[in-house]
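# Per-entry structural report
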Amino acid sequence: MEKIVHIGLPIGETVVLMGTDKPEEKHAKDPGNIELAISTTDEAEVIRIFRALSEGGKVTMPLQETFWADLYGTLTDKFDINWIISRAKQEDA
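So, a few notes on the structure that sits alongside this text. Bear in mind that the values here come from a model prediction, so they are computed numbers and not experimental data.

## Some remarks on the environment of E45
Within the secondary structure, E45 sits in helix α2 (residues 43-54). The class of E45 is partly exposed, set by a relative accessible area of 24%. As a C-alpha pair, E45 and R87 span 42 residues in sequence and 9.2 Å in three-dimensional space. Within polar-contact distance, the side chain of E45 engages the side chain of R48 at 2.9 Å.

Right, here's the structure in full:
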């Protein structure tokens, strides 16, 4: 069976939509076999996207700062699609 390990699709100038297969050992625990990620440099857009996708779904990690991102959160939407939403660390101007 062939798999897509990772794919990225730029949307406009500030958003990247990425997708990945989940490891087979996670399939038995979680019915969703893919994970999609949206990353943007716009903080307001990260918050808007996260709120919109979480409506009717389940937040698994609220948006928060991590050592690798200014904002990072995970959720499963109402269609059982797993999402990672993030804003990468911004360098000081």
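That shown, we press on.
## Some remarks on α2
Spanning twelve residues, α2 covers 17 Å between terminal C-alpha atoms, matching the ideal 16 Å at 1.5 Å per step. Within α2, the full set of buried residues consists of V46, I49, F50, L53 and S54. Viewed along the axis of α2, the buried residues span an arc of 120°, placing them on a single side of the element. Projecting away from the buried face of α2 at angles above 90 degrees are the exposed residues A44 and R51. Residues of α2 that are buried in the fold lie against β3 (34-40), β4 (58-64), β5 (69-76) and β6 (82-88). Here α2 starts with a cap whose side-chain oxygen sits 3.0 Å from the backbone nitrogen of A44, and that cap is D42. Backbone geometry just downstream of α2 places G56 in the positive-phi region, at approximately 80°.

Rules of the game
Residues numbered from 1 in each chain as written. Predicted model: local features only at pLDDT ≥ 70, side-chain atom pairs only at ≥ 80, totals over all residues. Heavy atoms only, no water. Helix = DSSP H or I, 4+ residues; strand = E, 2+ residues; numbered from the N terminus. Buried < 20%, exposed > 50% of the residue type's maximum accessible area, 1.4 Å probe, protein only. Polar contact = N/O pair within 3.5 Å; in protein donor to acceptor, adjacent residues only side chain to side chain. Expected span 1.5 Å × (residues − 1). Arc of directions from axis to C-beta. Contact = heavy atoms within 4.5 Å.

None of the figures reported here should be taken as evidence of function without further support.
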